[in-house]
Each structure stands twice: as structure tokens, then as C-alpha cells.
2 protein chains.
Amino acid sequence: MTTTAGATTDVRPCPISPVVELVFSRWTTPILWTLHEHGTQRFVELERTLGVTPKVLTQRLRQMERDGLVVRTYHPEIPPRVQYEISELGESLAPVFAALTQWSERHLPSVREARAAYSGPLPR
Amino acid sequence: MTTTAGATTDVRPCPISPVVELVFSRWTTPILWTLHEHGTQRFVELERTLGVTPKVLTQRLRQMERDGLVVRTYHPEIPPRVQYEISELGESLAPVFAALTQWSERHLPSVREARAAYSGPLPR
DNA sequence: CCGTATCCGTACGGATACTG
DNA sequence: CAGTATCCGTACGGATACGG
């Protein structure tokens, strides 16, 4: 565990932090969900469906493309057409989403109850 | 405008967004993980283990207590002692964490490959 | 020990305008 | 249509100091 005296104890963070950062950053979840549910989407479709500005949408899509979660296909036409679809790697997240969905259905009410019952500080 | 046939009124965002915000906000995942793995922890233990400043730690713990994910127990001693433990509701997230862990083990290498192979913009 | 109070820097998202 | 460029406001986290 800790090595010889003097050395700082190693702080081992939870192993899922990388995935969390990868998948649950802002907008990534809605984007993945939309592509998963509605299939291939064009840029403007995502823009309108999610209500996100083009700058941010581009940032997220580039990031997700780099990480291999989505596939971008450019069609050199006039006007240009770009398709975004979820990759196989992205689809492999399905069990995660399923677990999350199930948890929501079962336990989200409990959260609401807890919030209602909570009388301490931090009122939002 | 909205007269696109077929799709009536509702543009439904992904249903897991609330949970994501709840569980995967900054620091909440490491906190939950630590309490899940190492059991009950004192304030200063979490502070040191996670390397988080007391202000932020308090914010997160209050929020998670309000949401019913952790249980705070105050022992009026000198010096005072406060225990934080994961609640039953928090424990119910275990399947989610399990799915995430499994995905990490299986598919995180693919992400690294994708990043290495990616030659476009956005180099981080 | 367990927080709270205060200041501060920045990263991030939103809005707008413009280009190919 | 599919972005890029620019400006801007703020929410958030880190650092420090202090209090019960």
C-alpha cells in the first residue's frame, strides 16, 4: 500500500472518472442520446433539437469524433451536407444508459422526496 | 414553422440528463466511490483522500445529503466528529457504477486508439 | 476537527456576426 | 448548410484565513 516512510501516500481516484469525463461532459450525453435514438443527424438538426449554439456544438462533436464516439461524414455538395452518427464504440455505451434509465425510473422520486424533506442550507 | 407532420409537439430531451447532473457533477463521483469502497469517512479524510478544498467539499456533501445520496452524522464531542456514509439510495447506484467500470475495462483502450489515430483539430 | 467567509482567476458556455 | 471568429458574462473551483 504505502511505500517506505516519507513517500506521499498515493491517492487512487475512482476508476470511472475518465469515463465520466468522457461521456458525461456538458452536452455529450444529449448528443449521444439523440444520435442513438433518432439515428443519423445533420448539424443543424442537432443544433435545433438540443438548443445548443453552433460553436459549442462543434466543439463537442469534434471532441466526440476524436474520441471515437461519433462518426462524421462530409458530403461535398452545394449546399454542403454533414452527417453525424453514433459509432459502434458509442453504441457500446447502451448498457450504461440502460442502467441509468432504470435507476431514474426507480429512484428519482426518492431524490425528490429527499429534497423536499431536507430543511438545511443550500436552497436551490 | 412547427407544422412538420409526424412529429407532434414534443422534442423530448434525453431522460437521463437529470441523473447525470445529480451523480456526475464535479467531485460527486469520487466522493460516492470513496464512501462506497472505504465505507464511512470523516470530513478531513475525504478532504485529504480526494485532494479537494474544504469549501467545495462542503458544498458537494451538502448537496448530496440534500439529495439523499449520503448520510451525515454529527457527534458532539471535543473535538467534534462528523461521519459521512453512503445512503441506501446511493448504494442503489451500484449497477450504474458496475456498468461504467465494465465499459472502462473493455472500451477505454479503443478511445485511446481513436485519439491517437485522430489527426484533425482540437489537440488536447 | 469541521466547517464558513472572502477574494480571485479562469475556463466555459451563450450571443452575435461573418465566411465558404 | 456547416461551421469559424470574436466578445462577453458568470458560475465555479482553488487558495487563504478565520471561527465554533
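Preceding block: the structure.
Keep in mind that what you see is a predicted model, and the values were worked out from it rather than measured.

A. Spatial organisation of the interface of chain A and chain B. Listed by partner, the interface residues are 41 residues for chain A and 42 residues for chain B. Interface area, chain A with chain B, both sides summed: about 4,100 Å², of which 74% is carbon and sulfur. In terms of surface lost to chain B, no three residues of chain A exceed Ile16(A), Arg66(A) and Trp103(A), which account for 19% of the buried area on that side. Put simply, Arg115(A) and Asp67(B) hold a salt bridge, and the shortest N to O gap is 2.7 Å. Our enumeration of links across chain A and chain B arrives at 6 residue pairs in polar contact (both at pLDDT 80 or more). Those elements that provide at least two residues to the side of chain A that touches chain B are α1 (17–23), α2 (28–38), α4 (54–66) and α6 (94–117) of chain A. Counting residues per element, the side of chain A that touches chain B draws most heavily on α6(A), which supplies 14 residues. Residue composition of the side of chain A that touches chain B, grouped by class: 25 nonpolar, 10 polar and 6 charged.

B. Structural view of the protein's contact with DNA strand C. Lys55(A), Arg60(A), Thr58(B), Arg72(B) and Tyr84(B) are the nearest of the 21 residues found near DNA strand C. Considering the 4 Å shell around the protein, atoms of DNA strand C inside it are sugar or phosphate in 70% of instances. Within the contact set of DNA strand C, a sugar or linking oxygen lies 3.1 Å away from a side-chain nitrogen or oxygen of Arg42(B). At 2.8 Å, a side-chain N or O of Tyr84(B) approaches a phosphate oxygen of DNA strand C. When residues of the surface near DNA strand C are traced back to their parent elements, those giving at least two are α4 of chain A together with α3 (43–50), α4 (54–66) and β3 (81–86) of chain B. When residues of the surface near DNA strand C are assigned to their parent elements, the largest contribution, 4 residues, is made by α4(B). Grouping the amino acids of the surface near DNA strand C by side-chain chemistry returns 10 nonpolar, 2 polar and 9 charged.

C. Focus on the packing of aromatic side chains. All names here are of chain A. By the definition in use, this model includes 3 aromatic pairs over all chains. Between Trp-33 and Phe-97 the ring centres are 6.3 Å apart and the planes differ by 55°, which places this aromatic pair in the tilted class. Of this pair, Trp-33 sits in helix α2 while Phe-97 sits in helix α6, and the two are 64 residues apart along the sequence. Phe-97 gets classed as buried once you look at its relative accessible area, which sits at 4%.

Cut-offs used in this document
Residues numbered from 1 in each chain as written. Chains lettered and ligands numbered in written order. Predicted model: local features only at pLDDT ≥ 70, side-chain atom pairs only at ≥ 80, totals over all residues. Heavy atoms only, no water. Contact = heavy atoms within 4.5 Å. Buried area = accessible area lost by both parts, 1.4 Å probe. Salt bridge = Lys/Arg side-chain N within 4 Å of Asp/Glu carboxyl O. Polar contact = N/O pair within 3.5 Å; in protein donor to acceptor, adjacent residues only side chain to side chain. Helix = DSSP H or I, 4+ residues; strand = E, 2+ residues; numbered from the N terminus. Nonpolar A, V, L, I, M, F, W, Y, C, P; charged D, E, K, R; others polar. Near = heavy atom within 4 Å. Phe/Tyr/Trp six-rings, centres within 6.5 Å; stacked < 30°, edge-to-face > 60°. Buried < 20%, exposed > 50% of the residue type's maximum accessible area, 1.4 Å probe, protein only.

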